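# Topology and contacts: notes
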Amino acid sequence: MSATIIDGKQIAADVRAEVADKVKQLNEKGIQPCLAVILVGENPASVSYVTGKQKALAEVGMVDKSVHLPESTTEEELLKLIDELNKDSSVHGILVQLPLPKHINEEKVLLAISPDKDVDGFHPVNVGNLVIGKKAYLPCTPHGIIVLLNKMGIETSGKHAVVIGRSNIVGKPVSLLLARKETNCTVTMCHTGTKNMAEITKQADIIVVASGHPHTLTADMVKEGAVVIDVGVNRIPDASKKSGFRLIGDCDFDEVKEKASFITPVPGGVGPMTIAMLMFNTLEAASK
């Protein structure tokens, strides 16, 4: 038995198409959904992420108010720009691309974004609302994972989900979303302090691996028929590629897919969902 490969590209395209339809409906009411993505410096990965977001904005028909600032931008200048965008009623969502240059305090910057425009779902107000189950902008990658499970018709209620990783961006929020009444999983979170991780993962019906290390999850850690969602993106050298590297996830894909019932590939699994859910959140912000 080889796993069904979850086509994140296709599901993300479906989400973007749904968003584009709703953008047209808002346009008819005179509302133009608008996102401002702020990029500071020239981090190559960040530049490519922002380009992807700009492409998606164009595709769904949203206004793109992206700002690219030089590496030398001061914290004060960045905070002033965020304040201006907070006050600009034509801008519905604000996203600051991380990581920021060392001389800028990330926490201060994220706190400066109005919770009503925090379409990344990182502001403590939105995080707090997520924890207590109130309406909030959900962080894009965790929300994308839930949408993948739903769209693939994967039963979650009463299932044991194991999350590997405890980051604020993926591990913690996806654990909370999986445990929500709508998803109804029993959730175990593993991390670098976990002893006997394989014993825990072998009990899992659903495994979300977001450790940031290749081969964190190997076939001997997975029970037959488990669902594996791989959030990792790791560059490893590959002389046969023009770029000199290839991307792999956090699980040993070739081996794990022989045991799993469903698995996400890297690239083309969770990644495309992140941007699709950002478009979804910006639409929500504009609809308010």
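None of the values given here were measured: they were computed from a predicted structure. (Residues numbered from 1 in each chain as written. Predicted model: local features only at pLDDT ≥ 70, side-chain atom pairs only at ≥ 80, totals over all residues. Heavy atoms only, no water.)

Attention now moves to the overall build of the chain. Per the secondary structure count, the chain includes ten helices and twelve strands. The globule rule puts the C-alpha radius of gyration for 288 residues at 19 Å, and the 19 Å found for the chain is close to it. Taking the principal axes of its C-alpha atoms as reference, the chain extends roughly 55 × 40 × 35 Å. A buried classification covers 48% of the 288 residues belonging to the chain. Sequence-distant contacts, at least 24 apart, represent 70% of the contacts inside the chain between residues at least 6 apart. The centroid of the 31 positive side-chain charges in the chain is displaced by 2 Å from the centroid of its 34 negative side-chain charges. (Helix = DSSP H or I, 4+ residues; strand = E, 2+ residues; numbered from the N terminus. Rg over C-alpha atoms; globule rule 2.2 N^0.38 Å. Buried < 20%, exposed > 50% of the residue type's maximum accessible area, 1.4 Å probe, protein only. Contact = heavy atoms within 4.5 Å. Lys, Arg positive; Asp, Glu negative; His and termini not counted. Charge placed at Lys NZ, Arg CZ, Asp CG, Glu CD.)

Glancing now at the nonpolar core. Core analysis: the biggest nonpolar cluster contains 51 residues, and Ile 145, Leu 178 and Met 279 have the highest contact counts within it. When residues in this core are grouped by element, the largest group, eight residues, is from helix H10 (residues 271–287). Every residue in contact with Leu 178, bar those within four places of it in the chain, is listed here: Ile 146, Leu 149, Ala 161, Val 163, Thr 183, Asn 184, Cys 185, Val 187 and Val 208. Counting 17 residues, the second largest nonpolar core, distinct from the first, contains Cys 190, Val 209, Val 222 and Val 228. (Core = buried A, V, L, I, M, F, W, Y, C linked by side-chain atoms within 4.5 Å.)

What follows is about empty space enclosed by the protein. Scanning the entire structure with this criterion turns up one cavity of 30 Å³ or more. What the largest cavity holds in volume is close to 30 Å³. Taken together, Ile 94, Leu 95, Val 96, Leu 110, Ile 113, Asp 118, Asp 120 and Phe 122 form the lining of the largest cavity. Here the lining of the largest cavity takes three residues from strand S5 (residues 93–96), the largest share from any one element. (1 Å grid on protein atoms, 1.4 Å probe; cavity = no way out; pocket = protein on both sides within 12 Å on 5 of 7 lines; lining within 4 Å. Points joined across faces, edges and corners; volume = space filled by probe spheres on them.)

With that settled, consider the layout of surface pockets. Considered as a void within the structure, the largest pocket measures approximately 1,700 Å³ in volume. Around the largest pocket sit 50 residues that line it, and Tyr 49, Thr 141, Val 233, Gly 271 and Thr 274 are the ones nearest its centre. Those elements giving two or more residues to the lining of the largest pocket turn out to be helix H1 (8–28), helix H2 (44–60), S5, helix H6 (140–151), strand S10 (234–237), strand S11 (245–248) and H10. Ranked by residues supplied to the lining of the largest pocket, first place goes to H2 with ten residues.

With respect to the element layout, Ile 207 can be found in strand S8 (residues 206–209). Given a relative accessible area of 0%, Ile 207 falls into the buried group.

Moving on, we come to the sheet that holds strand S9 (residues 227–230). Backbone-to-backbone hydrogen bonds join strands into a sheet, with any given pair of strands oriented parallel or antiparallel. As summarised here, the arrangement of the six strands in space is S1-S12-S9-S8-S6-S7, forming an open sheet in which the pairing is parallel. Taken across any chain shown, the strands that pair with only one partner, and hence form the sheet edges, are strand S1 (4–5) and strand S7 (186–190). Both strand S6 (residues 160–164) and S8 contribute to a ladder of four bridges, which runs parallel. Looking across to S8, one finds that Ile 164 is bridged to Val 209. Against the sheet, helix H7 (residues 171–179) makes contact with S6, S7 and S8, and its axis sits at roughly 165 degrees relative to S7, the strand it touches most. (Pairing = 2+ DSSP bridges. Axes fitted to C-alpha atoms, helices over the stretch in contact; angles between N-to-C directions.)

On to the environment of Leu 149. If you trace the backbone, Leu 149 turns up in helix H6. Looking at Leu 149, the relative accessible area reads 0%, which means it is buried. Distance in space between the C-alpha atoms of Leu 149 and Ile 229 is 9.1 Å, their sequence separation being 80 residues. With residues near it in sequence (within four places) discarded, Leu 149 still touches Ile 154, Thr 156, Leu 178, Val 227 and Ile 229.

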